[in-house]
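The primary structure of each chain is shown beneath.
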Amino acid sequence: MVDRSATGQALEWTPTRYTANGGVDIAYDRLRGSRGEPLLLIMGLAVSRFWWPAGLCKAFADAGFEVARYDQRDSGQSTRMPATPTGNPFAALFGKRGSPYTAEDMTDDAVAVLDALGWERAHVFGHSLGGQLAQRFALRHPDRVLGLTSSAAVPSDVSGLGVLRYLRFGLLAKLARMRFPEGRDGDIEAALAVWRGIASPGYPFDEAAARAWIEAEVDSGPRDKKAQSRQIGAQWHGPRLGELHLPTLVLHGEQDQLLRVSAARATARAIEGARLVTLPGVGHDLPAALWPDIAREVRATADGAARRENGSVDV
């Protein structure tokens with residue numbers, strides 16, 4: 001597959017491959033030509049791995065990472081799970097129902113991807129729900145994680161009504177009221193509505209570029225409420241966040257339309273030594289102007305992890 005960065009430079013990904021976790025097939029690919037420390041990318045609620053900006057993936061490769069990404073179960077090209085009665089993500093989140101699997105199952109999907117890639121350990125970058133999953137992955141499988149970046153996410157051990165303190169309901173309510181026609185055109189319009197809603201107020205939003213990207217990689221995730229409900233309803237029974245002892249970077253946009261900055265502050269407080277970076281003018285997305293900066297922050301976290309592995313101490 002060929003992708004393009006913001007500069008128009010072609011990026012080539014390996015063909016889609018699959019790995020199994022139990023009866024679930026997980027789709028993944030790797031950025032050709034990327035070399036260095038392994039970096040696994042985990043995207044957010046029910047959307048595919050193609051939502052990772054190509055330019056950001058190139059920035060990671062330029063910063064010395066071998067980059068791979070995958071589709072969580074119930075998203076993209078991975079297995080879609082059987083329908084459940086709950087088709088309302090809010091009911092699934094607050095009612096603790098709606099999912100035939102657990103959050104632990106979702107972390108084990110990431111392990112299956114690492115195994116398939118031949119990676120004993122990797123740095124992990126998760127965005128939105130992917131950030132919460134990345135935290136849980138590091139808690140459940142600390143021996144497989146070199147360093148963690150959690151972006152635009154709530155703390156991993158907060159669930160149900162506890163999430164309320166971090167949510168901004170305006171955009172969520174607006175998106176919930178929207179209706180789109182069935183089929184490809186409806187999927188495109190739903191994805192555009194999400195992109196407009198989460199775009200960073202402090203940076204220009206290129207709707208033509210967004211539409212071109214969405215039309216090339218049509219994804220039903222933004223309006224698949226059944227899949228969203230199953231993912232968000234997957235319960236976590238693992239360790240508390242304070243038990244995480246890995247080099248951690250916490251990123252959050254200061255104008256995030258979905259989650260308050262207090263979510264990032266709580267995550268950073270819970271993890272000893274975590275580094276919090278808030279981004280002025282940034283919403284719930286990852287704007288192109290900041291891709292080099294984000295890659296540098298992840299690189300700095302990786303360098304700190306390497307010093308720790310080697311027994312060095314930062315002063």
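Before going into details, it helps to say that this report is about the structure given with it.

1. Let's talk about the nonpolar core
Inference 1: By size, the foremost hydrophobic cluster in this structure holds 50 residues, and its most contacted members are Leu41, Trp51, Trp52, Phe60, Phe125 and Ile294.
Inference 2: Setting aside anything within four residues of it in sequence, one finds leucine 41 in contact with Trp52, Cys57, Phe60, Val67, Ala68, Arg69, Tyr70 and Phe125.
Inference 3: Formed by 32 residues, the second largest nonpolar core is a distinct cluster that contains Val24, Ala110, Leu114 and Ile271.

2. Details of unusual backbone geometry
Inference 1: Positive phi values are uncommon outside glycine, yet alanine 46 reaches one of about 65°.
Inference 2: Among the secondary structure elements, alanine 46 is positioned in the loop between strand S5 (37-42) and helix H1 (54-62).
Inference 3: The phi angle at alanine 152 is positive, at roughly 55°, despite the residue not being glycine.
Inference 4: On the secondary structure map, alanine 152 appears in the loop between strand S8 (145-151) and helix H5 (169-177).

3. Let's talk about the sheet that holds strand S9 (residues 248-253)
Inference 1: Here 8 strands make up an open sheet; going across it, the order is S3-S4-S6-S5-S7-S8-S9-S10 and the pairing mixed. The open sheet terminates on both sides in strands that have one partner only, identified here as strand S3 (17-21) and strand S10 (275-279). Taking each pair of neighbouring strands and ignoring which way they run, the sheet shows an average axis angle of 25°.
Inference 2: Two strands pair when backbone bridges link them, and S3 and strand S4 (residues 24-30) are joined in this way by 5 bridges, in the antiparallel orientation. Considered in S4, the bridge of alanine 20 is made with aspartate 25.
Inference 3: Helix-sheet contacts for helix H10 (residues 291-309) involve S5, strand S6 (65-70), strand S7 (122-127), S8, S9 and S10, and the interaxial angle to S9 is about 160°.

4. Focus on the pattern of salt bridges
Inference 1: The final tally for this structure, using the stated rule, is 22 salt bridges.
Inference 2: Here glutamate 12 ties to arginine 32 by a salt bridge, and the two come within 3.3 Å at their closest N and O atoms. With glutamate 12 in strand S2 (residues 10-12) and arginine 32 in the loop between S4 and S5, the pair connects residues that are 20 residues apart, well separated along the chain.
Inference 3: Note that aspartate 74 is salt-bridged to arginine 230, the shortest N-O span being 2.8 Å. Remark: arginine 230 occurs in helix H8 (residues 225-232) and aspartate 74 occurs in the loop between S6 and helix H2 (89-95); sequence separation between them is 156 residues.
Inference 4: On the basis of relative accessible area, aspartate 74 is assigned to the buried category, the value being 0%.
Inference 5: By relative accessible area, which is 4% here, arginine 230 ends up buried.
Inference 6: In the salt-bridge network here, residues are joined through shared partners; they are Asp29, Arg49, Arg69 and Asp71.

5. Observations concerning the packing of aromatic side chains
Inference 1: Scanning all chains against the criterion turns up 5 aromatic pairs.
Inference 2: Ring geometry for tryptophan 51 against tryptophan 195: centres 5.3 Å apart, planes inclined by 10°, an arrangement best described as stacked. Within this pair, whereas tryptophan 51 is found in the loop between S5 and H1, its partner tryptophan 195 is found in helix H6 (residues 184-198), the two being separated by 144 residues in sequence. Comparing tryptophan 51 with tryptophan 195 shows no difference in burial state: the two are buried.
Inference 3: Aromatic side chains phenylalanine 60 and phenylalanine 125 sit 5.5 Å apart centroid to centroid with 55° between the ring planes, which places their arrangement in the tilted category. You can see phenylalanine 60 sitting in helix H1 and its partner phenylalanine 125 sitting in strand S7, a full 65 residues away along the chain.
Inference 4: The class of phenylalanine 125 is buried, set by a relative accessible area of 0%.
Inference 5: Arginine 73 extends its terminal NZ or CZ atom over the ring of tyrosine 101, reaching a point 4.9 Å from the ring centre.

6. A look at the pairing of S8
Inference 1: Taken across its 7 residues, S8 has 7 buried, putting it largely inside the fold.
Inference 2: Where S7 meets S8, 6 bridges bridge the pair, whose relative direction is parallel. Pairing of valine 124 across the sheet is with leucine 148, part of S8.
Inference 3: Note that the unit made of S7, helix H4 (residues 129-140) and S8 has a crossover that is right-handed.

7. Observations regarding the environment of glycine 186
Inference 1: Here glycine 186 lies in helix H6.
Inference 2: Take glycine 186: its relative accessible area is 0%, and that puts it in the buried class.
Inference 3: Setting aside residues up to four positions removed in sequence, glycine 186 forms contacts with Phe180, Pro181 and Arg223.

8. Quick word on a nonpolar patch on the surface
Inference 1: A cluster of nonpolar side chains, Leu161, Leu164 and Phe169, forms an exposed patch at the surface whose accessible area comes to about 270 Å².
Inference 2: Along the chain, the position of leucine 164 falls in the loop between S8 and H5.

9. A word on the packing of H1 against H10
Inference 1: Running from N to C, H1 and H10 point in directions that differ by 40°, and their axes come no closer than 9 Å. Considering the angle they form, H1 stands oblique to H10. Between H1 and H10 lies a crossing whose hand is right-handed. The segment H1 lies against H10, with Gly55, Leu56, Ala59 and Phe60 engaging Trp291, Ile294, Ala295 and Val298.
Inference 2: Considered class by class, the residues forming the contact of H1 with H10 number 7 nonpolar, 1 polar and no charged.

Rules used throughout
- Residues numbered from 1 in each chain as written.
- Predicted model: local features only at pLDDT ≥ 70, side-chain atom pairs only at ≥ 80, totals over all residues.
- Heavy atoms only, no water.
- Core = buried A, V, L, I, M, F, W, Y, C linked by side-chain atoms within 4.5 Å.
- Buried < 20%, exposed > 50% of the residue type's maximum accessible area, 1.4 Å probe, protein only.
- Contact = heavy atoms within 4.5 Å.
- Helix = DSSP H or I, 4+ residues; strand = E, 2+ residues; numbered from the N terminus.
- Pairing = 2+ DSSP bridges.
- Axes fitted to C-alpha atoms, helices over the stretch in contact; angles between N-to-C directions.
- Salt bridge = Lys/Arg side-chain N within 4 Å of Asp/Glu carboxyl O.
- Phe/Tyr/Trp six-rings, centres within 6.5 Å; stacked < 30°, edge-to-face > 60°.
- Lys NZ or Arg CZ within 6 Å of the ring centre and 35° of its normal.
- Right-handed = clockwise from strand over helix to strand, strands pointing away.
- Patch = residues over 30% accessible without salt bridge, like charges linked within 9 Å, V, L, I, M, F, W, Y side chains within 5 Å.
- Areas by Shrake-Rupley, 256 points an atom, 1.4 Å probe, with all protein chains shown as cover.
- Parallel < 35°, antiparallel > 145°, perpendicular 65-115°, else oblique.
- Left-handed = near helix turned anticlockwise from the far one by under 90°.
- Nonpolar A, V, L, I, M, F, W, Y, C, P; charged D, E, K, R; others polar.

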